Amino acid sequence: MLAKRLWVSLVLVSCGGGGPKPGEFDPRDVSGNYALTYDDRLTLKLDVGGAVREVTQQGYGGVVDFGTINGNRVTLNLSEFCAKPEVQCPSEAFWSKVAVTQPNLSANRFALQELTVVDDTVHVLDAGQRAKSLGGLVDANNDDRFLLGLGVQGGASQNCAALAVSLAGGRFTRFGERFETTTEGRTNRSNQPCPLDGGFDGGAVVDAGFLPDGGAADGGSPQVCEPRMITRRIVPPDAGVEGIAEGKVFLGWAGGCAFGPVLLGATLTLETGYTGRRTGPYDPPPFTPAPVVLPDGGVDGGSDGGP
């Protein structure tokens, strides 16, 4: 599972050698305060026994109509649903202003880092109050993509707790970044890099059965090197973080939360996109650090430090 793979990587991160010296530029650094803007293009899916109904709409007004299911007309007033005190829709589960840091960045040089995201919607809190936070992972070797689990209470008994598949993710952008697309060789069966030689079918036979996965020796077809269009992000040296792109918030609830007893065994999911703009250096309100929670329920103890 995704959580298990990332957990192994996080263990390796925590055991790595020291990071850059104080004051030295660290290209992995994505810390800062960010303002998020949601596009409110909503995709809702209702899964009833494996049969999925999908509806898309703009904004939270109006009524979502999933049609007739088991003889009943199934609709959802989305604005009323999100207004329920026990329900958290996207901007409540992942806030419109956040402070982002990597608590272990100075301790090692690994690409995969723990990420802490703090609710900065209200920057100045009353005495004794502490802001909420989320813990996840960011990967500098995967275009600075990050993932945060939102379904901490997915296994709880409350009908309207977010399911463990709930997540927020996206990609941190850099000043001056660009994307380049080139034609490169990839094997047709395992998608591994390979040399192109301009064969008659546009690719070369790279393994005709001499290797264990070659295909020909085990009754399958030979593995062929095919041309593929590969896109890579190019980032200028020492480029700072500009914002967040390709943002996504995905939330799931048990069907009983939205539709009552008639759809107790169903699952309702909502997905929407967002972008982010870095507004300044990392400056959080007082907060309680959260553990790393991954979307399928994997949990790490997280950092015990904090302001």
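Residues numbered from 1 in each chain as written. Predicted model: local features only at pLDDT ≥ 70, side-chain atom pairs only at ≥ 80, totals over all residues. Heavy atoms only, no water.

Considerations on the state of the cysteines
The line we're drawing: Working definition: a disulfide is two cysteine sulfur atoms within 2.5 Å of each other. Relative accessible area decides the class of each residue, using a 1.4 Å probe on protein chains only: under 20% of the type maximum gives buried, over 50% gives exposed, and in between gives partly exposed. Under the scheme used here, helices are H or I runs from DSSP no shorter than 4 residues and strands are E runs no shorter than 2 residues, and both carry numbers assigned from the N terminus.
By the definition in use, this model includes three disulfides. The side chain of C82 participates in a disulfide bridge whose partner is C89; the two sulfur atoms lie 2.0 Å from each other. As the torsion about the S-S bond is roughly -75°, the C82-C89 disulfide counts as left-handed. The buried category is assigned to C82, whose relative accessible area is 13%. Covalently, C194 is tied to C225 through a disulfide, its sulfur atoms 2.1 Å apart. Negative torsions about the S-S bond denote left-handed disulfides, and the value of about 95° found for C194 with C225 makes this one right-handed. You can see C194 sitting in the loop between β11 (178-187) and β12 (204-207) and its partner C225 sitting in strand β13 (residues 223-234), a full 31 residues away along the chain. Pair check on accessibility: C194 and C225 agree, each one buried.

Some words on the confidence of the model for the protein chain
Which entries qualify depends on this criterion: Per residue, pLDDT captures the predictor's confidence, and it can take any value from 0 to 100. Residue contacts follow a heavy-atom distance rule, with two residues in contact if any of their heavy atoms lie within 4.5 Å.
Averaged over all residues, the pLDDT of the protein chain equals 83, while 79% of them reach at least 70. Confidence drops under a pLDDT of 50 for residues 297-307, and excluding neighbours within four residues, the segment shows 23 contacts in the predicted structure.

Some details on unusual backbone geometry
Phi is positive for D40, which is not a glycine, with a value near 55°. The topology assignment puts D40 in the loop between β1 (32-38) and β2 (41-48). Judged by relative accessible area, which is 26%, D40 ranks as partly exposed.

Focus: the environment of Q88
Tracing the chain through its elements places Q88 in the loop between α2 (78-83) and α3 (90-93). For Q88, a relative accessible area of 39% corresponds to the partly exposed category. Along the sequence, Q88 and C160 sit 72 residues apart, while their C-alpha atoms lie 8.5 Å from each other.

Remarks on the packing of aromatic side chains
Cut-off, in case you're wondering: Only centres within 6.5 Å qualify two rings of Phe, Tyr or Trp (six-membered ring in Trp) as a pair; their planes then separate them into stacked at under 30 degrees, edge-to-face at over 60, and tilted for everything else.
The full count for this structure, using the stated rule, is seven aromatic pairs. Their ring planes at 55° and their centres at 5.7 Å tell us that Y34 and F172 sit as a pair that is tilted. With a gap of 138 residues between them, Y34 in strand β1 and F172 in strand β10 (residues 167-174) connect regions that are remote in the sequence. Each member of the pair, Y34 as well as F172, carries the same accessibility label: buried. Members of the aromatic cluster, connected to one another through ring pairs, are Y38, F94, W95 and Y274.

Points about the pattern of salt bridges
Heads up, the condition is: The term salt bridge refers to a pairing of a side-chain nitrogen on Lys or Arg with a carboxyl oxygen on Asp or Glu at a separation within 4 Å.
With the rule as written, the count across this model stands at 15 salt bridges. As a salt-bridge pair, K45 and E54 come within 3.8 Å of each other at their nearest N and O atoms. As a salt-bridge pair, E180 and R178 come within 2.8 Å of each other at their nearest N and O atoms. Judged by its relative accessible area of 36%, E180 falls in the partly exposed class. Taking the relative accessible area as the measure of exposure, R178 reaches 43% and is therefore partly exposed. Here the salt bridges do not stand alone but share partners, grouping D143, D144, R145, R171, R174, E177, R233 and E246 into one network.

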